[in-house]
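One-letter residues, chain by chain:
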Number of protein chains: 2
Amino acid sequence: LKAGNIEEFRHLFLELHPTDQVELFISFDKNQRQRVYEYLSPAEFAEIFQGLELEQQKEYIVELDQTFAIDMFNSMSADDLADFLGELPDIMAETYLNNMGLEDAQDIKHLLAYPPETAGAIMTTEFIALSTKEKASDVLKRLRQQAPDAETIYYLYVVNEEGKLVGVVSLRDLIVAQDEQLVEEIMSTRVVSVSVLDDQEEVANVIKKYDFLAVPVISKQGKLVGIVTVDDVMDVVEEETTEDIGEISAARGAVDLQLSSFSAAKKRAPWILMLAFLGLITAGVIGRFEETLETVALLAVFIPLIMDSAGNTGTQTLAVVVRSLALGTIDRVGVGKLLKRELGTGMMLGLICALVLVLAIPLLYDGNWVLGMVVAVSLFAALSVATVVGAAIPLVINKLRIDPAIASGPFITTLNDIIALFIYFSVATAFLHYIQ
Amino acid sequence: LKAGNIEEFRHLFLELHPTDQVELFISFDKNQRQRVYEYLSPAEFAEIFQGLELEQQKEYIVELDQTFAIDMFNSMSADDLADFLGELPDIMAETYLNNMGLEDAQDIKHLLAYPPETAGAIMTTEFIALSTKEKASDVLKRLRQQAPDAETIYYLYVVNEEGKLVGVVSLRDLIVAQDEQLVEEIMSTRVVSVSVLDDQEEVANVIKKYDFLAVPVISKQGKLVGIVTVDDVMDVVEEETTEDIGEISAARGAVDLQLSSFSAAKKRAPWILMLAFLGLITAGVIGRFEETLETVALLAVFIPLIMDSAGNTGTQTLAVVVRSLALGTIDRVGVGKLLKRELGTGMMLGLICALVLVLAIPLLYDGNWVLGMVVAVSLFAALSVATVVGAAIPLVINKLRIDPAIASGPFITTLNDIIALFIYFSVATAFLHYIQ
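About the criteria used
The residue numbers shown here count from 1 along each chain, following its written sequence. For this description, chains carry letters from A and ligands carry numbers from 1, given in the order in which they are written. Given that the model is predicted, a residue must reach a pLDDT of at least 70 before its local features are reported, and side-chain atom pairs must reach 80 or more before they are shown or counted; all residues, however, enter totals for whole chains, interfaces and linings. Heavy atoms throughout the structure, all of them, feed into the side-chain values; hydrogens and water do not. The classification of residues rests on relative accessible area computed with a 1.4 Å probe and restricted to protein chains. Under 20% of the type maximum is buried, over 50% is exposed, and intermediate values are partly exposed. By the criteria applied, helices consist of DSSP H or I runs no shorter than four residues and strands consist of E runs no shorter than two, each listed in order from the N terminus. For this analysis, a polar contact is any N or O atom pair within 3.5 Å, provided that within protein one partner can donate a hydrogen and the other can accept it, and provided that sequence-adjacent residues contribute only side-chain to side-chain pairs. The copies are overlaid by a least-squares fit using only the C-alpha atoms of residues whose pLDDT is at least 70 in both copies. Contacts were defined at the residue level, with two residues in contact if any of their heavy atoms lie within 4.5 Å. Residues enter a patch when their relative accessible area is above 30% and they make no salt bridge; the linking distance is 9 Å between like charges and 5 Å between nonpolar side chains (Val, Leu, Ile, Met, Phe, Trp, Tyr). Accessible surface area values rest on a Shrake-Rupley calculation with a 1.4 Å probe, where residue burial reflects the displayed protein chains alone. One speaks of a salt bridge when a side-chain nitrogen belonging to Lys or Arg is within 4 Å of a carboxyl oxygen belonging to Asp or Glu. Only four residue types enter the charge count, namely Lys and Arg as positive and Asp and Glu as negative; His and the chain termini do not. Working definition for charges: the position is that of NZ of Lys, CZ of Arg, CG of Asp or CD of Glu. The pairing criterion for strands is at least two bridges between them, as found by DSSP. The angle between two axes is taken between their N-to-C directions and runs from 0 to 180 degrees, where each axis is a line fitted to C-alpha atoms and a helix contributes only its stretch in contact. Orientation categories follow fixed angle ranges, with anything under 35 degrees roughly parallel, anything over 145 roughly antiparallel, 65 to 115 roughly perpendicular, and all other angles oblique. By definition, turning the near helix anticlockwise from the far helix through less than a right angle yields a left-handed crossing, and turning it clockwise yields a right-handed one. Amino acid classes used here: Ala, Val, Leu, Ile, Met, Phe, Trp, Tyr, Cys and Pro are nonpolar; Asp, Glu, Lys and Arg are charged; the rest, including Gly, are polar.

**Q** Please clarify how helix α14 (residues 200-210) of chain B should be interpreted in this entry.
**A** Since the α-helix packs 3.6 residues into each turn, any two residues three or four apart lie on the same face. Residues and elements named next belong to chain B. For α14, a buried count of 8 out of 11 residues is recorded, marking the element as mostly surrounded by other parts of the structure. When we look at burial in α14, the residues that qualify are Q200, V203, A204, N205, V206, I207, K208 and Y210. Two or three places before E201, at the start of α14, stands the capping residue D199, its side-chain oxygen 2.8 Å from that residue's backbone nitrogen. Downstream of α14 by a residue or two, D211 has a phi angle that is positive, lying close to 55°.

**Q** What's the story with the relation of the copies chain B and chain A in this structure? I'm lost.
**A** The pair of chain copies shares a relation made of a rotation about an axis and a shift along it. The transformation that overlays chain B on chain A combines an axial shift of 0.1 Å with a rotation of 180°, and the residual RMSD is 0.2 Å. Both chain copies can therefore be described as sitting about a two-fold axis. Considering only C-alpha atoms, the part of chain B nearest the rotation axis is A300 of chain B, at 2.9 Å. A high fraction, 99%, of the interface residues of chain B reappear at the interface in chain A, so the copies pair face to face through one surface.

**Q** Is there a simple way to explain a negative patch on the surface in this structure?
**A** Taken together, the side chains of E53, E117, D235 and E239 of chain A together with D211 of chain B present a region of like negative charge at the surface. Relative to the elements of secondary structure, D211 of chain B occurs in the loop between α14 and β5 (214-218).

**Q** Sorry if this is basic, but what is going on with the sheet that holds strand β2 (residues 155-159) of chain B here?
**A** The strands that make up a sheet pair up through hydrogen bonds in the backbone, lying either parallel or antiparallel. All names here are of chain B. A sheet is described by the order of its strands in space; here 3 strands give the open sequence β1-β2-β3, paired in mixed fashion. Since the sheet does not close on itself, it has two edges, and those belong to β1 (129-131) and β3 (165-170), each with one partner. Within the sheet, the average angular offset between the axes of one strand and its neighbour, ignoring direction, is 35°. One ladder, built from 5 bridges, connects β2 with β3; its direction is antiparallel.

**Q** Quick question: what am I supposed to make of the packing of helix α20 (residues 335-364) of chain B against helix α21 (residues 369-400) of chain B here?
**A** Residue and element names in this part refer to chain B. One way to put it is that α20 packs onto α21 with a least axis distance of 8 Å and a crossing angle of 160°. The angle between α20 and α21 falls in the class roughly antiparallel. You can see that α20 and α21 cross each other, and the crossing is right-handed. Its residues placed into classes, the contact of α20 with α21 shows 25 nonpolar, 5 polar and 1 charged.

So this is what it looks like as structure tokens:
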């Protein structure tokens, strides 16, 4: 098919949904891609290019000639283009920007100036702003011309003479309105907005909370500078979830199926090695009690039980905290209350486990009830501490805004292991004469 | 303020965004809520009721009198109402349905008949369907009347005489079109739809992939029966993510900040206890090697290192699999390829750890290079197995469609612990004479 004539390819290919065009394009080899660049106009290819992942964009951009690329950039939406150029080396991005239309280039430069993962960085500047005194019928007329350029026309934001955001009109309101009604009569003034420097996760939470299709972004001065649409937010949510899951499992940056064994191992090895070194520290803690162990080798048998219980309890707490940070529910409940609750939960979990084991261990190990007591008391103390550690560390890390990766599940688990084993062997050493 | 007069409260309260009304309502005590029921009409209160969580809806429904509740139900959107009634005991739901308008009640009954977590269960039946021969201007006129009832008017679906879905027109297309153009001239025929029995996660992936605001749901016969909007999908994504994180951390159903210590402990205790019992099995495995341990107590020192490394490696793999199941990327890559990649990754990770430890352990423990060898060989074998276990179990569980909770992180970790410790002590026992 692809070897055939231009017209037929264009007809069949452009009939497809852009997302499907992207999928097809990715499956092409280099020769076939070259033909796509020939057959499609820069504007048509822009649709495909926008749908590619950043990594793929970087791979294919070098296959395009400069003029084609510039024309394509001019057809791309400002936010997608800014995302892409932000990933390129500065000199390359500069070169492209200098060759683009002046106005577009200005827009992009503004977007590039916002810190990553903020509302400013993910917003688009292609929105439609209305003034309060426009008539509904005039707005509809204007939409017919501007619709193709705007990211969404379903929410129209109303600004006053100074560019400040004063209201919002949905296209639905506009359709239902009388032709002669003024924008200020049909607009809603209870407009929810976000600030350019707000974190992208906060933007996502606003859209989710209010079931919006888009949210306006305002500058420090209250001026409307852009909008974030729900599809961008879906991407943000996906990205943040992948990050959160990576954190809980210490597989940050490696939760990707496309990688080869070798690159997956390369990305995951630092975590595993670092955790293995922490394992050596744990070994050191147990090593301090070697005498105790030599006296009662049976004590070693419960190391996994103690470790797993403390580790699991801490991980449960971590999951609660990570999820509530993502959903923003933590502000409503309060950090103090959360810590108190987790301590309470840990003590209760410890008590239940202690009660079960104080009965189970003598049954399984020749009526050695002192051993049962030692394990039970240690577990109670270890689980109480584990929940507090599991809650406090991610909260502190989040507060200090340092890289939350070090608060990841396995680190907290290892920390809880060390504490739990230290408690266990200390208790065991104290009661050593009675266990034998 | 609340003690004051009706008019002032209504004015201030109804000015708020429904989402904010909900937040305020939740903060009220019982007396204040009673007054809200008096002051607001059933239709006004329906807006608030729809915004509540299912648990809260069940709590407050008993405070409403029957007539008020029925009137409120009639104002609610069909999908929200079906969600709520589905949670009630059958007899209660029946009573309410029998007292509602016949047509609405029919709609709800249809929705209730779909299995939970399918497209049918989350869709709404309040959509606008067009026929191919309508004129653009007529459609706009019709929208003015029907807009208040429909869930979204931004996508309009086109059906033929048999009710089959044949195209889609966005409100944007309609605004841009000439008044005289027919629907069939402006509609797009490349319409992506989902089937009523599709899993809600698949629906979410379609909407995310194509950046849709809504997706049509068709019956087995190809008839248009409903739509799923992007805001419903956001809720689905949130729910599924919370489930996934709960699974990785064995805190399923307990990732909720609102719970008291006692109820959190009650929900989490079964997991911790079950895992503690698995810990007793692990204890049994080590117990089988008690003689070996008595000969070389130093072996116990590396139990945590072996366990943690195997556990962490398995959890990383689990995170990859859980995430790719959620994003649907696994179908593209294939299960066989994934397993092969994970085995390769595990072997490489094992090799790296082995190389480091075979050098580090003799350095730290008086040049005991046989001990280093034992730990290194065991780790290599254990990590290779751990990735395969971490990938295979959730995949099998997913394939068999049994409750994926048993594939949760800690279970896989414990399984990997047992395998790893068995390997370690077997190797150690084999080389026992050389270690001392």
